[in-house]
Structures are given as C-alpha cells and as structure tokens.
Amino acid sequence: MTTNRTRTFSWEDPIKALEEAKKLNGYDYLMNVLEGNLPMAPIQKTISSRLVSVEKGQVVFELRGEEFHYNQIGTVHGGTISTILDSAIGCSLLSTLEVGESFTSLDLKVNFLRKITAESPALKTKTKIIHKGKTTAYLECELVDEEGKLYAHAVSNCMIFR
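This report concerns the structure included in the present document. (Residues numbered from 1 in each chain as written. Predicted model: local features only at pLDDT ≥ 70, side-chain atom pairs only at ≥ 80, totals over all residues. Heavy atoms only, no water.)

### Describing the pairing of strand E7 (residues 150-161)
Right, so step 1: As paired strands, strand E3 (residues 102-105) and E7 are joined by four bridges and run antiparallel to one another. Bridged to Ser102 within E7 is Phe161.
Right, so step 2: Note: strand E4 (residues 109-112) against E7, four bridges, orientation antiparallel. Directly across from Asn111, in E7, lies its bridge partner His153.
Right, so step 3: With nine bridges joining them, strand E6 (residues 136-144) and E7 adopt antiparallel strand pairing. (Pairing = 2+ DSSP bridges. Helix = DSSP H or I, 4+ residues; strand = E, 2+ residues; numbered from the N terminus.)

Structure below.
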C-alpha cells in the first residue's frame, strides 16, 4: 500500500532581495537575512535548511534530513548535501565582500562520509576560508553533527568580481 505525501512551500521574489544586496556589504546583507529583514534564498526553502549564524568568514546553516530529501536508496540525496555545503561556502565568502563585490563558484568537490536520513541528528556547516586573494578564493566546508562527527566535506574555488 502506497501512502502519498504532499509538500508545499512559498518564497519571496529573489530579485527584490538581490537589489537590496547590491546596496550592502556581504556581512550586512546576510545579517539582514538572519534577522528576517530580507528573505533567504529560495533554494534554502526548497531543501528546508535554515541560516543559523553569520560571522565574517563563517556562515552556518543547519540541515535536518527529511523524507522528501531521499534518493532511491532511502538516504538524503547527494544533491541536497552538496547544496547545503555550497550555500555555506558561498555565504561565508560573501560575508567578507564589500559593496560592489560579488563571486561565483568555479567548482565544488564533495565527499559523502556518512549516510544521512530522517533519523540523523541535525547537521551544521563549518566553513574555513583557506585562501582569499583579489580574484579567487579557496574554501572548505564540513557538515557535522553536534558531537563533531563528520558527515560530508567539500572544497570549492570561487572567483571574486570587483
């Protein structure tokens, strides 16, 4: 017997937030998101993650495995895990950028180290900026539980635009 489930969500116009973002440095923009003055990116609602804290160089997201994240083998899909790591990396870099600066990811390499399911504990990102130059940055991010157990690890090169 199949039990159907339904999930709905809504989001705010991301272009409005981007227009506001252009007026702020990255840290102030992210603080406005954290404080609820600006909406979070629609992707965060899509994967049902939440912004936990903002510091310069360290933006923390939380992810709880949900049934709607599952792949065909009953674990959280690698794309969901990659998305939360990419978000933390990007926002951690963004938190260090000034008004008029932006960035894009050049690559993302993810290692999946433990399975994640709806029974897994809440997981948080932990990012480190390894190198930040004038035009590129290299960052790493871990997805860990409260005890520090590592579930996934990512590295990314980003290009900075001024």
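Now that the structure has been shown, we can carry on.
### Observations regarding the environment of Ala154
Right, so step 1: Within the secondary structure, Ala154 sits in strand E7.
Right, so step 2: By relative accessible area, which is 0% here, Ala154 ends up buried.
Right, so step 3: Once the C-alpha coordinates of Ala154 and Leu139 are considered, the two residues, 15 residues apart in sequence, prove to be 8.3 Å apart.
Right, so step 4: Non-local contacts of Ala154, meaning those with residues more than four positions away in its chain, are made with Leu85, Ile89, Leu108, Lys109, Val110, Leu139, Glu140 and Cys141. (Buried < 20%, exposed > 50% of the residue type's maximum accessible area, 1.4 Å probe, protein only. Contact = heavy atoms within 4.5 Å.)

### Examining unusual backbone geometry
In most cases, non-glycine residues show a negative phi, while peptide bonds are predominantly trans.
Right, so step 1: We note that Ser48 has phi near 60°; this positive angle belongs to a residue other than glycine.
Right, so step 2: Checked against the element boundaries, Ser48 lands in the loop between helix H3 (42-46) and strand E1 (50-55).

### A look at the pattern of salt bridges
Right, so step 1: Under the counting rule described, the total for this entry stands at six salt bridges.
Right, so step 2: Residues Glu67 and Arg5 are paired through a salt bridge, measuring 2.5 Å at the closest nitrogen-oxygen approach. Note that Glu67 is positioned in the loop between strand E2 (58-63) and helix H4 (78-94) and Arg5 in the segment before helix H1 (14-21), a separation of 62 residues in sequence.
Right, so step 3: On the basis of relative accessibility, which here comes to 40%, the residue Glu67 falls in the partly exposed class.
Right, so step 4: Two residues, Glu62 and Arg50, come together in a salt bridge whose shortest N-O distance is 3.2 Å. With Glu62 in strand E2 and Arg50 in strand E1, this pair connects stretches of sequence that are 12 residues apart.
Right, so step 5: Looking at Glu62, the relative accessible area reads 11%, which means it is buried.
Right, so step 6: On the basis of relative accessibility, which here comes to 43%, the residue Arg50 falls in the partly exposed class. (Salt bridge = Lys/Arg side-chain N within 4 Å of Asp/Glu carboxyl O.)

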